[in-house]
Amino acid sequence: MELVLAIGIGIMTGSGVWLLLRPRTYQVIIGLSLLSYAVNLFIFAVGGVKSNAAPVLGEGVDISTLTDPVPHALVLTAIVIGFATTALFLVVLLAARGLTGTDHVDGREQPK
Amino acid sequence: MVLVLLVCLPFLGSLAAIMLLRTDSRVLAARMAGAVTFLCLVLTAAVYPAVRAGGKLRLDIEWLPQFGLNFTLRMDGFAWLFAMLITGIGCLVVLYARYYMSEEDPVPRFFSFLLAFMGSMLGIVLSGNIILLSVFWELTSIFSFLLISYWHNNATARDGARMALTITGIGGFCLLAGLLVLGHIVGSYDLDVVLGAGDQIKAHPLYLTALVLILIGALTKSAQVPFHFWLPNAMAAPTPVSAYLHSATMVKAGVFLLVRFWPALSGTYEWFMLVGIAGTCTLLLGAYFAMFQQDLKGLLAYSTISHLGLITTLLSLGSPLAAVAAIFHMMNHATFKASLFMAAGIIDHETGTRDMRRLSGLYRYLPITGTLAMVASAAMAGVPLLNGFISKEMFFAEAVETHADSVLDRMLPYIATLAGAFSVVYSLRFIHTVFFGPPPLDLPKPKPHEPPHWMRFPVEFLVLACLVVGVIPSLSIGPFLHSAVVSVLGDRTPEYSLAVWHGINTPLIMSMIALAGGVLLYVLLKDYLARCDDGPPIFRHLAGQRIFERVLVTVSWKWARWMESRFGTRNLQPQLRLIAAAGLLAGVVPLYMAGFTPTPVAISGIDPIFAAIWCIGAFCALAAAYQAKYHRLAALVLLGGAGITTCITFVWLSAPDLAITQLVVEIVTTVLLLLGLRWLPKRYEKVDNSVTLAARGRRFRDFLLAVSCGFGMFLLSYAIMKQPVPDAIASYFLEKAYTEGGGRNVVNVILVDFRGFDTMGEIVVLAIVALTVFALLRRFRPAPDSIEKPEQQRIQAAYDDEQPERSAGDTVRDYLLVPSVIMQWMFPVIVTFAIYLFMRGHDLPGGGFAGGVTMAIAFLLQYLAGGVRWAEDRLRILPLRWMGFGLLVAPLTGMGAWLFGYPFLTSHSQYIDVPFIGKVPMASALMFDLGVFSLVVGATVLILIALAHQSIRTHRVRNLDATKAEEA
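Residues numbered from 1 in each chain as written. Chains lettered and ligands numbered in written order. Predicted model: local features only at pLDDT ≥ 70, side-chain atom pairs only at ≥ 80, totals over all residues. Heavy atoms only, no water.

## Describing the overall build of chain B
Check the secondary structure of chain B and you find 40 helices and four strands. Expressed as a percentage of its 968 residues, the buried residues of chain B come to 53%. For chain B, the share of sequence-separated contacts (at least 6 apart) that also reach a separation of at least 24 residues comes to 78%. Summed over its atoms, the accessible surface of chain B is roughly 43500 Å², and 68% of this surface lies on carbon and sulfur atoms. (Helix = DSSP H or I, 4+ residues; strand = E, 2+ residues; numbered from the N terminus. Buried < 20%, exposed > 50% of the residue type's maximum accessible area, 1.4 Å probe, protein only. Contact = heavy atoms within 4.5 Å. Areas by Shrake-Rupley, 256 points an atom, 1.4 Å probe, with all protein chains shown as cover.)

## Points about the pattern of salt bridges
All names here are of chain B. Counted according to the given criterion, the structure contains 20 salt bridges over all chains. Note that Arg 354 is salt-bridged to Asp 295, the shortest N-O span being 3.0 Å. Highlighted residues: Arg 354 in the loop between helix 17 (320–351) and helix 18 (367–381) and Asp 295 in the loop between helix 15 (269–291) and helix 16 (296–316), separated in sequence by 59 residues. Each of Lys 56, Arg 58, Asp 60, Arg 74, Asp 76, Asp 190, Asp 192 and Arg 260 takes part in a single network of salt bridges with overlapping partners. (Salt bridge = Lys/Arg side-chain N within 4 Å of Asp/Glu carboxyl O.)

## So, the packing of helix 6 (residues 130–148) of chain B against helix 10 (residues 207–221) of chain B
Residues and elements named next belong to chain B. Closest axis-to-axis distance for the helix 6/helix 10 pair is 12 Å, and the angle between their directions is 30°. With respect to helix 10, the axis of helix 6 lies roughly parallel. As for the relative orientation of helix 6 and helix 10, their crossing is left-handed in sense. For the pair helix 6 and helix 10, the contacting residues are Trp 137, Thr 140 and Ser 141 in the first and Gly 217, Ala 218 and Lys 221 in the second. (Axes fitted to C-alpha atoms, helices over the stretch in contact; angles between N-to-C directions. Parallel < 35°, antiparallel > 145°, perpendicular 65-115°, else oblique. Left-handed = near helix turned anticlockwise from the far one by under 90°.)

## A look at the side chain of Gln662(B)
Relative to the assigned elements, Gln662(B) resides in helix 29 (residues 656–677). Ignoring anything within four residues of it in the chain, the contact list for Gln662(B) reads Tyr37(A), Ile79(A), Gly643(B), Thr646(B), Cys647(B) and Phe650(B).

## Some thoughts on the nonpolar core
In terms of nonpolar packing, the biggest core is built from 201 residues, with Met75(B), Leu182(B), Trp230(B), Phe261(B) and Leu265(B) touching the most fellow members. No other element matches helix 17 of chain B, which puts 19 residues into this core. (Core = buried A, V, L, I, M, F, W, Y, C linked by side-chain atoms within 4.5 Å.)

## Let's talk about the pairing of strand 2 (residues 69–75) of chain B
Residues and elements named next belong to chain B. Counted residue by residue, strand 2 has six buried out of seven residues, so it is predominantly covered. Where strand 1 (residues 57–64) meets strand 2, seven bridges bridge the pair, whose relative direction is antiparallel. By the bridge assignment for strand 2, Leu 57 is matched with Met 75. Here strand 1 hands over to strand 2 after four residues, with Gly 68 in that stretch at a positive phi of 70°. (Pairing = 2+ DSSP bridges.)

## Some details on a nonpolar patch on the surface
Residue and element names in this part refer to chain B. On the surface, a cluster of nonpolar side chains totalling about 620 Å² of accessible area is made up of Leu 385, Leu 464, Leu 467, Val 468, Val 471, Ile 472 and Leu 475. Ranked by residue count, the leading element in the nonpolar patch is helix 21 (residues 453–471), at four residues. As for its placement among the helices and strands, Ile 472 is situated in the loop between helix 21 and helix 22 (473–476). Relative accessible area serves as the criterion here: at 39%, Ile 472 is assigned to the partly exposed category. (Patch = residues over 30% accessible without salt bridge, like charges linked within 9 Å, V, L, I, M, F, W, Y side chains within 5 Å.)

## What to know about the UniProt feature "transmembrane region" (unreviewed entry) in chain A
Residue and element names in this part refer to chain A. Feature annotation in UniProt assigns "transmembrane region" (unreviewed entry) to the following positions: residues 6–21, 28–49 and 69–96. Annotated as residues 6–21, this span is 94% helix and 0% strand, and its ends, taken at the C-alpha atoms, are 23 Å apart. Regarding residues 69–96, the helix share stands at 100% and the strand share at 0%, and the terminal C-alpha atoms are separated by 40 Å. (UniProt positions renumbered as here; feature names shortened; annotations may be inferred.)

## A closer look at the interface of chain A and chain B
Where interface size is quoted, it is often the accessible area lost as the parts come together. Taken together, the contacts link 82 residues of chain A with 106 residues of chain B. The salt bridge involving Glu2(A) is made with Lys722(B); its shortest N-O contact spans 4.0 Å. For the interface between chain A and chain B, the tally reads six residue pairs in polar contact (both at pLDDT 80 or more). Taken together, the elements giving at least two residues each to the side of chain A that touches chain B come down to helix 1 (2–20), helix 2 (25–46) and helix 3 (69–100) of chain A. Here the side of chain A that touches chain B gets 24 residues from one element, more than from any other, and that element is helix 3 of chain A. When its residues are assigned to classes, the side of chain A that touches chain B shows 52 nonpolar, 19 polar and eleven charged. (Polar contact = N/O pair within 3.5 Å; in protein donor to acceptor, adjacent residues only side chain to side chain. Nonpolar A, V, L, I, M, F, W, Y, C, P; charged D, E, K, R; others polar.)

## What to know about the packing of helix 27 (residues 608–627) of chain B against helix 28 (residues 632–652) of chain B
The angle between the axes and the distance between the axes are what describe a pair of packed helices. All names here are of chain B. Contact pair helix 27 / helix 28: the axes reach a minimum separation of 8 Å and the direction vectors enclose 150°. Judged on the interaxial angle alone, helix 28 and helix 27 are roughly antiparallel. In the packing of helix 27 onto helix 28, the handedness of the crossing is left-handed. Note on element contacts: helix 28 touches helix 27 through Arg 632, Ala 635, Leu 638, Leu 639, Gly 641, Ala 642, Thr 645, Ile 648, Thr 649 and Trp 652, opposite Ile 609, Phe 610, Ile 613, Trp 614, Gly 617, Phe 619, Cys 620, Ala 623, Ala 624 and Gln 627.

## A word on the side chain of Thr282(B)
Residues and elements named next belong to chain B. With respect to the secondary-structure elements, Thr 282 resides in helix 15. In this structure the side chain of Thr 282 is engaged in a polar contact, spanning 3.3 Å, whose partner is the side chain of Gln 224. With residues up to four places along the chain from it excluded, the contact list for Thr 282 reads Ala 223, Gln 224, Val 225, Ala 287, Ile 305, Ser 306 and Gly 309.

Take a look at the structure:
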């Protein structure tokens, strides 16, 4: 399970970084989203991965069997903020495209 | 208490004066400034009994006691004398400025700066903590900058102000460094402690460092050679500013500092050499330069430099008697120089010029001002029976004495006499050129006349002071000077006499030689001076100003450009490449250094279903990366696939909260990006043979970087997951969540209770982002090729037009009819679900974030189902209200805790029986979560609707061809 998740994080990171370095704004926004999945999963994984553990406190639930709630709280926040930054970036890229007439990240086409 | 009042009053007055900026009255600001300065003067005068004969006022307010930083104000005799000088001359300057400033100038601004400057100056004088002193020191630099550049549409004023700020700013920085070193040596920043630790300081190896740094600060401020050139350039300031800052106060701050630290720093060979050389050079060069100035204020400026040099020279000697003379001369110089500046201002005001080549014979028009100026110049030249004479005699007496036997010391009498002769020349020149000779010919204002009486009053007052001090020194200034001297020198206070007549002795003979020599020199030089260019013969071309400007241009422009062209780039890709590489290195290097070995990979124990899901997820991620350039929609769908995989992973690994949030956020993100697709340019995949080798190389490099990053993350996360989880703060939260937070869902309790403050910050960020998006889209201008309707809509419209029985828009309405009906019916269901998620959040997975986004989706679906127009006809959402409500409720809930005497955001919880629903946990955190919920709904809806709206807005066509055609 750890191996699968680690490979998944690695692949998502790689794809994200690759897209981040591309010249088109849309590629960058997709790249950022992929990268944020990877980072969220990574932070989540730092708290230890347990399947079939009780998610909430209840009668007769031993605390030691629960998962670490701190990374969860962190990631939950990160997901929402990630949405906000994606929205902001999308609007900025649309505005830049409108103003400059190109969707190149530098606002003008690169000379070949 | 008085001390605080003294420092704060001017700043308050300054604020009040700024408030007057919109009134038309030019008198009001002057009156107020006058009242404030006068009040300060009275306050200062009133505390004199406390500081007499070595007494001291002191006030400590704790600021950062753990760093030894306190807001300490102290006033001793010396500080009192200076405070009197600042407030007294301040009063006169305000009165003078009231008549000097013209109708067109924004007068309240002037008085506001002037008052603030006065406050900073008082701050320097009264600081009892050396760091506080440095703070006020910087403030004087800033306000002097603002005052010099008061006429900011004048280029000379701007340049002069910038130069003054640069030089004194650098000095101030050095001073701060020096004071920090000093504080380090002594172990305290308290002025009294520092002053008492003189021997310890002088014996310390860091003494020279501290000394040099502090001296740079003091010498730049007091315009000593080689930092003197900013002062003549600062003469572009209004004359009241010159009279106040550049004769009486700010330039005196440097020598004030030297006197202040005189007990702690002086008396060493280094002190004598550094201060002495600077002082004598300044004394001589300043006087020499002053002779050749053509600008009245320029002459006065260089003369000020020279006199400050005199004071510095006196201080360098290290003898107590010289220190007495220095303090005395500071006061005398301030009186006669301020009055001379004001007289020069009157001349400028009445004639319209300050050029001595054009001025002549003004005595017949300005007899009273002329007489006053003559007396003041005589004091400047050191004529007997005036105050300048007495302190100059003391200087000569000290010059003759041998202090530290060296070349400099032996030359001093000659230098002093020569400088004295020079000062006679320029004083004489000032009077003779301006007031005597034939009537002036081409004055800009042809009929000069005496100014209003109250404008002349400050000059009269100061000149009277020169006379009184000059005739009966020990009866007038004597006692005040004595208390100042005692406060600086303490036990080392020497016997000194302020008498006018000491009999015929060496200093008197030196004075006579200087007077006679000066007169002779003037007679010889007179004709040359009347014609020559501005500035002394040889040095005219070696302007410090030009060197300064060249250095400035080189450093701040040429070097900066070079650095930018070498190390900077305006392209995003190299920057991101650097960031990614730096991130990779930041991960690899520490791990490598710490001897990290990758955890051996164990294939066993893999859940096949989980692996299969991740196969899909990895495929989605890779394919999205591959398709993002040419197939945006496909890439978006694939991105969604990767998101769903993430979501399932959260479910699989016991994090239902995350899964819910991820799922709903995934939905809104996808819709958001979908809405954006319409405005992006069309791009068709075609085989491009023109890709150069360099481009291929770049791609390969990026690919390598991406693969390394991915592989690194794989190794790192695998290693981390294989480690046993250390028991960190998790168990604390798990234990306290129910007992103290009143909730079973620990994640939610952390968000709304334990770390509620973070969450509040986060929702504020969300609100800011939403508003920014909204603002950006209000002015949105799409590219010309995205303005026309999308292809599909055009086909539909054409189809509607062709069929006679259909009207426009029918096809769109029928499009996906069944799903849209279902979506409309889902509305109440989803809203209920959102409220359910929200309500149960404290005990079960859910909460404000998830509930809020779900609610937003409910609204969004209506837009999707019926179109923007349809939805808005039926549903008024007012997202800004939702956001405002959320932003209010969250902090108010937090503040509610204050009512019960608990810190901000302390929560209280209990269960309440709600009819039909049963027991509901009602923590006050639920109210907080309500704020979160409301804000998330508002922000999400605002962002999405603002974007959705763009498609029905009629955009102004930015038709470039049309504008070009018009221009042609």
